[in-house]
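Structural overview
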Amino acid sequence: MNNAGSWRPIAFRRRFLLVLLVAAQTLAGVFLFAQTIPDQASSGMIAVLLLVFGVLFAWIGVGFWTAVFGFVALRFGGDPWSLSSRAGPSGPSESLSAPTAVVMPICHEPVQHSLGGLKAIIQDLEQQGQAGPVDFYVLSDSRDPDIWLEEQATCEQIRRELGPGQQLFYRRRNINLNYKSGNIADFLRRWGRRYRYMVVLDADSLLSAHCITRLIQLMEARPKAGIIQTTPRLARAETRFARLQQFANRCYGRLYSAGLAAIQLGEATYWGHNAIIRVAPFMAHCGLRKLRGPGLFRGPVLSHDFIEAALMGRAGYEVWLEPAIAGSFEESPPTLEDDLIRDRRWCRGNLQHLWLLVTMGKIRMAHRMALLTGILSYLASPLWLIFLGLSGYVALAGPTPEPALPGVMATTEAGSGTGALLVAVTALLLFGPRLLAVTDHGLARRTARFGGPFRLYGSTLVETLAALALAPIRMLVHTLHVVRALLNLKVGWQGQNRSGGFTPGLSFQHFGPLLLSAAAGLALIHWHAPTLTPWALPVMTPVLLAPALAFLLAQKPSTDTWLKVPEDGHIARVIELASAIPLLRHNPDRLSWFEQMVLSPVFARVSRYDAQPATGKKARALERLVNLCATGGKEALNHRELSLICNHPGALEALHWRAWNASSESPWRDVLVRMAQSVEGAPPAAVSLPRRRDELAWVEAAS
């Protein structure tokens, strides 16, 4: 492999070329746009409009030219300066020896789905004979006992089914500080020094055995690499919305990831999951302090991944994006609503980077540009809204009684050709990457994987039309996200819905206010400036249809190959394993996990926590909680209080006896009745946490 700094001149030349292309395109676009603005508009308004247009035109230009870089790199057989190319192919018989931890931070995620995926990763490694030096950790921030008790039980079941020598650990934090980054930091403080590398997963991540082994091999071959990020492919999509996202990822993402990797080289970004990290420098240099600025810029860093990549680069280590590593998968949010909820969290985190750009010193320019790009990905929406509003205002200053928006159609005969040219250039920048992607698949003879060339073209058209319809909705919702973030309004940070389940009522509940706002705005435009109504309709119509669109896209398509992708014909082994894993045997309709833990004599006597007997104020507080729960049921306590009882064997045993001896008026009497009803038709299935076989049928015996 070449020496550590040899890629930097190449990266500088590529970035300089990108800046020249974007700058030239932006200057040309601003010049053309200026020709379409009515002369009657005020100079101040024109200056603001040109400034906003220039920023937006440069923004879409960056995406276009990144795709062009990727197209050129792929047409020449890949980037010779990538880490994968310089390290060479891995040998099939190479065995791993570096101690590695695979960590999955979770918080109120669908337990069976998430941990089933983790089990599939472990099984794939075992089948390839590479599981020896790899340990697995489930790091839970869940606070609801019915969720974390299920997590604990599922991990116990998986642990019993593992091959010899394989390790799976479950850890739940009682104090949830700093979200995901705090969860990872807690793991590193306790066990980080045991491992050379750490592979970070999301709750929906799937990494094949080949992917994990390749990441470790590249780390071993490149001692200066601090982080190696894969490009996850979307998989296991079921709803129409998820299939749209999956098709876009598989069809166009190849170009964008190749172009981004070619531009960034060893100063790439980290996306927070599906990546490998060198533990020692990460622990030494990537600790995150709380922000100390005003409002939004105070408190824990939410979008930690870009900052950790910047800190790793500042420490002299490289961060690589490697699209050539196959076998990295994640899932798309199943509905538009879930996607926008996730964006709300990301928006707040990315806007915090404004403060860090100013206060963090010695950050490399490539990482500063990555932070700025992340900020603009959300600020672009309010800028588009401002641009549309200013364009409408300026159009009213035109000389004709029927004004046209500047840039869309010129207001004079001499400028009409200029407006048409600008529209054509803008369309090329917006849709050019899609055309390049389809061309790339055709030249590489991969169209058959998408169902053939005509099906690929049709799917691209469907996805493009859907993207155009959703663009105004995203613009307005993202603008609201930006406003909420800047006002420092509180936002929830819980587990993501991964199973769909959208109804017409929920659809209108989520998007009804947006519909009403759009209707009011359209009525106001028509009342004040009716000549602008035709120009507002293309933006407002999708928003008026938002509830219907959201509900339609949340449903499953009639065929599993709607918007066909390569994974529909050739399913990766790790995905097959995840789909085939049975659910943990449990009947949640009768007993919740907390109720089961309280009533089970096994759970009451055998605690998985080494808690010391409570004394003094703590003992009195626990006694009060037990009394409240015994008389009022689990609904009388919040999640934290229920977890305190579960974590203390004495309190749990006391509640156990109180529940079994409950009076007829106690809510626990109803729980006992439900327990008896659950075993009238059939004996209960075994659960995971009891440790002796003769104690598994406790429910049947008790009933």
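Here the structure is a predicted model, which means the values were calculated and not measured.

**Digging into unusual backbone geometry**
Here the phi dihedral of Asn 274 falls at roughly 55°; this positive angle occurs in a residue that is not glycine. Here Asn 274 shows up in the loop between helix H8 (240-264) and strand S8 (275-278). Residues other than glycine seldom take positive phi values, yet Asn 488 does so here, at roughly 60°. Positionally, Asn 488 belongs in the loop between helix H14 (453-486) and helix H15 (504-528). Residue classification places Asn 488 among the partly exposed positions, given a relative accessible area of 33%.

**A closer look at the nonpolar core**
Ranked by size, the top nonpolar core spans 78 residues in total, and within it Leu 118, Phe 136, Ile 228, Phe 594, Ile 645, Leu 655 and Trp 668 carry the most contacts. Contacts of Leu 655, omitting those with residues within four sequence positions, involve Phe 594, Val 598, Val 626, Cys 629, Ala 630, Ile 645 and Trp 668. Listed in part, the 34 residues of the second largest apolar core include Leu 74, Ala 248, Cys 251 and Leu 436.

**Focus on the sheet that holds strand S7 (residues 233-234)**
Taken together, three strands build an open sheet; the order of strands is S5-S12-S7 and the sheet is mixed. The open sheet is flanked by strand S5 (206-207) and S7, the only strands paired with a single partner. Pairing geometry for S7 and strand S12 (residues 328-330), over two bridges, is parallel. Bridging from a neighbouring strand, Leu 234 pairs with Glu 330 of S12.

**Looking at the pattern of salt bridges**
Under the definition given, this model contains 27 salt bridges. For Arg 8, the salt bridge goes to Glu 267, with nearest N and O atoms at 2.9 Å. Taken together, the residues span a long stretch of sequence, with Arg 8 in helix H1 (residues 7-35) and Glu 267 in the loop between H8 and S8 at a distance of 259 residues. Classification of Arg 8 by relative accessible area gives partly exposed; the value is 30%. Between Arg 474 and Asp 343 there is a salt bridge, with the nearest N and O atoms lying 3.9 Å from each other. With Arg 474 in helix H14 and Asp 343 in helix H11 (residues 336-359), this residue pair connects regions lying 131 residues apart in the sequence.

Rules of the game
- Residues numbered from 1 in each chain as written.
- Predicted model: local features only at pLDDT ≥ 70, side-chain atom pairs only at ≥ 80, totals over all residues.
- Heavy atoms only, no water.
- Helix = DSSP H or I, 4+ residues; strand = E, 2+ residues; numbered from the N terminus.
- Buried < 20%, exposed > 50% of the residue type's maximum accessible area, 1.4 Å probe, protein only.
- Core = buried A, V, L, I, M, F, W, Y, C linked by side-chain atoms within 4.5 Å.
- Contact = heavy atoms within 4.5 Å.
- Pairing = 2+ DSSP bridges.
- Salt bridge = Lys/Arg side-chain N within 4 Å of Asp/Glu carboxyl O.

Such coordinate-based values are descriptive only and should not be taken to indicate function.
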